[in-house]
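Structure assessment
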Amino acid sequence: MLAVGLCHAAMGSDFIPKGKTIGMITQGPTMTRWDLNYGYSTKWAIRASRIDWDSNPLDTSLTLQGLQATYVLHRSYTEEGILNIYLSGGPLWAAQRLTPERRAVGFEGIISADYETTQIYLRTVFERFESSISTTQISKAQVLYAPWESSYARPTLWVGIQAQQMQRTQIERSLAPMIRIVSRRTWFEAGIHLAGESRGKIFIQAMYLF
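Residues numbered from 1 in each chain as written. Predicted model: local features only at pLDDT ≥ 70, side-chain atom pairs only at ≥ 80, totals over all residues. Heavy atoms only, no water.

Moving on: the overall build of the protein. Tallying secondary structure elements over the protein gives one helix and twelve strands in all. Classification of the 210 residues of the protein by burial places 47% in the buried group. In the protein, once contacts between residues fewer than 6 apart in sequence are set aside, the share between residues at least 24 apart is 45%. Element-wise, carbon and sulfur atoms account for 62% of the exposed surface of the protein, whose accessible area totals about 10700 Å². (Helix = DSSP H or I, 4+ residues; strand = E, 2+ residues; numbered from the N terminus. Buried < 20%, exposed > 50% of the residue type's maximum accessible area, 1.4 Å probe, protein only. Contact = heavy atoms within 4.5 Å. Areas by Shrake-Rupley, 256 points an atom, 1.4 Å probe, with all protein chains shown as cover.)

Below, the discussion takes up the nonpolar core. Grouped together as the largest cluster of nonpolar side chains are 15 residues, with contacts concentrated most on I22, L144, W158 and M207. Elements represented by at least two residues in this core include exactly β1 (21-27), β10 (171-182) and β12 (202-209). (Core = buried A, V, L, I, M, F, W, Y, C linked by side-chain atoms within 4.5 Å.)

Taken together, the twelve strands give a closed barrel; going around it, the order is β1-β2-β3-β4-β5-β6-β7-β8-β9-β10-β11-β12, and neighbouring strands pair in antiparallel fashion. Between one strand axis and the next, the sheet turns through 15° on average, direction left out of account. (Pairing = 2+ DSSP bridges. Axes fitted to C-alpha atoms, helices over the stretch in contact; angles between N-to-C directions.)

This part is about the environment of W93. For W93, the location among the structural elements is in strand β5 (residues 82-96). Exposure remark for W93: the relative accessible area of 44% places this residue in the partly exposed category. Each C-alpha atom, one on W93 and one on T63, is 8.1 Å from the other, the two residues being 30 residues apart in sequence. When neighbours within four sequence positions are excluded, W93 is seen to be in contact with T63, L64, Q65, G66, L67, A104 and V105.

Before going further, it helps to examine the pattern of salt bridges. A complete count under the given rule lists seven salt bridges for this structure. A salt bridge links E108 to R33; the nearest nitrogen and oxygen atoms lie 3.1 Å apart. Taken together, the residues span a long stretch of sequence, with E108 in strand β6 (residues 103-116) and R33 in strand β2 (residues 31-39) at a distance of 75 residues. When sorted by exposure, E108 lands in the same class as R33, which is buried. For R180, the salt bridge identified is with E189, shortest N-O distance 2.7 Å. For the pair R180 and E189, one class covers both residues: buried. Through salt bridges with shared partners, a single ionic network connects R33, D35, R47, E108 and E127. (Salt bridge = Lys/Arg side-chain N within 4 Å of Asp/Glu carboxyl O.)

Glancing now at the pairing of strand β7 (residues 120-130). On β7, burial follows the alternation: Y121, R123, V125, E127 and F129 on one face are buried, whereas I120, L122, T124, F126, R128 and E130 on the facing-out side are not. A loop of three residues connects β6 with β7, the two strands running antiparallel in sequence. Two elements, β7 and strand β8 (residues 135-145), share eleven bridges in a ladder whose sense is antiparallel. Of the residues in β8, the one forming a bridge with Y121 is L144. In this antiparallel pair of consecutive strands, β7 and β8, the connection spans four residues.

Structurally, Q137 is set in strand β8. Linking Q137 and M166, residues 29 residues apart in sequence, is a C-alpha distance of 5.7 Å.

Written as structure tokens, this is what we have:
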């Protein structure tokens, strides 16, 4: 159970196995993000990120680049699953894409928690990007269920729902059904927003464990 849990935690949460590198691409209706993560120890990981935000009627398009450290604040095991709490943060450099000479140093901070069994996955995330150019705040919750028990030896399908609130220059709330497919070294999820400005638009995320 422990081996299976740690394997899938690496694919379904902020956990990065010690000595491993994980590449991730996230594509949403208004944002594209690239992450490269390295597990420095069982408690610490480091990440390099690039984020492109599209413009909206009240805010310009932005490019954010940064370095973050992730710390496992708490980890506990039950008979059924694993509970994790993470803190993550670090500096970022923000620039307006239309006027790249306008730059600022900012900060990205994240607190997240997840609980996973072989068939149930729960996750909450609070994330904030802060700079003098722009501030973005994202709150997210996911509830997923696997029709069959997850196993290291075979791919697992997860189905569920994601609730999200994003505040940039205005607040946007959305609810999205989603699927996730996890195998030994790869992880993929996709969903479609049912409300808000992004209604009818999809989001995807793909990850590969090197």
